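Chain by chain, the residues:
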Amino acid sequence: MSSNGVILYFAFGTLLFFFWVYGIVSFISDLRRQIIPWVRVQWRKRRDDDPNDRETERLSELYGDPDDE
């Protein structure tokens, strides 16, 4: 009876190991195909923007446009 328990233990351990590996491979695939390209696009957009324009936009949002007064 105990040999059946040992066999079941290793069988379930092996099954869980394959699901664990599948999850890691799927995560790496998602990184390669979706997340990394999205980060690159956002990085290029931020690099291409003028940082002074961003600061001016933020201040205008907070305090309003001084030219409107």
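Just above sits the structure.
Residues numbered from 1 in each chain as written. Predicted model: local features only at pLDDT ≥ 70, side-chain atom pairs only at ≥ 80, totals over all residues. Heavy atoms only, no water.

Draft legend 1. Layout of the overall build of the protein. Within the protein, the secondary structure is distributed over 2 helices and 0 strands. In the protein, which comprises 69 residues, the share counted as buried stands at 0%. Only carbon and sulfur atoms are counted for the fraction: they give 61% of the accessible area of the protein, which is about 7000 Å². (Helix = DSSP H or I, 4+ residues; strand = E, 2+ residues; numbered from the N terminus. Buried < 20%, exposed > 50% of the residue type's maximum accessible area, 1.4 Å probe, protein only. Areas by Shrake-Rupley, 256 points an atom, 1.4 Å probe, with all protein chains shown as cover.)

Draft legend 2. Representation of the packing of aromatic side chains. Considering all chains together, one arrives at 3 aromatic pairs under this definition. Ring centres 5.9 Å apart and planes at 65 degrees place the aromatic pair phenylalanine 17 and phenylalanine 18 in the edge-to-face group. Judged by its relative accessible area of 43%, phenylalanine 17 is partly exposed. Classification of phenylalanine 18 as exposed rests on a relative accessible area of 55%. With a centroid separation of 5.9 Å and 40 degrees between ring planes, the pair formed by phenylalanine 17 and tryptophan 20 is classed as tilted. Taken together, the positions of phenylalanine 17 and tryptophan 20, both in helix H1 (residues 2-48) and 3 residues apart, correspond to about one turn of that helix. Since its relative accessible area comes to 53%, tryptophan 20 is described here as exposed. (Phe/Tyr/Trp six-rings, centres within 6.5 Å; stacked < 30°, edge-to-face > 60°.)

Draft legend 3. Up close: a nonpolar patch on the surface. A contiguous nonpolar patch, built from Phe17, Phe18, Trp20, Val21, Ile24, Val25, Phe27 and Ile28 and spanning about 810 Å² of accessible area, is present on the exposed surface. Tracing the backbone through its elements, the reader meets isoleucine 28 in helix H1. (Patch = residues over 30% accessible without salt bridge, like charges linked within 9 Å, V, L, I, M, F, W, Y side chains within 5 Å. Salt bridge = Lys/Arg side-chain N within 4 Å of Asp/Glu carboxyl O.)

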